[in-house]
Amino acid sequence: MTFLDPDAADTYLRGWKARIDRMAADTKAMSDRLADLRVTASDDDDLVEVTIDSTGVLLDVRFDQRIQRAAPEVVSRALMSAVRAARVRAADQTRQIITETVGSESAAARTIAERVERQLLGTTLPAG
């Protein structure tokens, strides 16, 4: 590519700007969808249901009436199980949002997905 040709330079710059604009729009769409993400999950016995956001922050906890007959350690395990299930779902949904908005091929997308998975799960899981 030679920039001595004004038409070629103009075409190149227009294409570059279009790619940058598209990347910015995709990144904003990803950010908006992640900000709106809410994930609800329960433990295996449906004693506890939790809702978290895309960062893993606990937004809501609901206890089934059966917890009144359960030992405190059973309730505690049920709560932690529900939170783990919600975090796994949030990591999966986050990966899906990233793939749908910015794609899975970019280094930035991989970095964002890994960072979110570390935050939610405390580890990096293989994509897929």
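For the structure itself, look to the data block above.
Residues numbered from 1 in each chain as written. Predicted model: local features only at pLDDT ≥ 70, side-chain atom pairs only at ≥ 80, totals over all residues. Heavy atoms only, no water.

1. A look at unusual backbone geometry
A positive phi is found at D46, a non-glycine position, where the angle reads about 55°. Summarising the element assignment, D46 is placed in the loop between β1 (38–42) and β2 (48–53). For D46, a relative accessible area of 48% corresponds to the partly exposed category. (Helix = DSSP H or I, 4+ residues; strand = E, 2+ residues; numbered from the N terminus. Buried < 20%, exposed > 50% of the residue type's maximum accessible area, 1.4 Å probe, protein only.)

2. Digging into the sheet that holds β2
Working definition: the strands of a sheet are paired by backbone hydrogen bonds and lie parallel or antiparallel to each other. Spatial strand order, β1-β2-β3: three strands in an open sheet with antiparallel pairing. In this open sheet, the two edge strands, each paired with only one partner strand, are β1 and β3 (58–63). Ignoring strand direction, the axes of neighbouring strands in this sheet form an average angle of 15°. Across five bridges, the pairing between β2 and β3 is antiparallel. Note on β3: the bridge partner recorded for V48 is F63. Sitting on the sheet, helix α2 (residues 72–101) touches β1, β2 and β3, and the angle it makes with β2 is about 35°. (Pairing = 2+ DSSP bridges. Axes fitted to C-alpha atoms, helices over the stretch in contact; angles between N-to-C directions. Contact = heavy atoms within 4.5 Å.)

3. Considerations on the pairing of β1
The alternating pattern of β1 places V39 and A41 on a buried face, while none of R38, T40 and S42, on the opposite face, is buried. Pairing analysis gives five bridges linking β1 to β2, with the strands arranged antiparallel. Bridging from a neighbouring strand, A41 pairs with V50 of β2. Taking the residues between adjacent antiparallel strands as the criterion, β1 and β2 are bridged by five residues, where D46 takes a positive phi near 55°.

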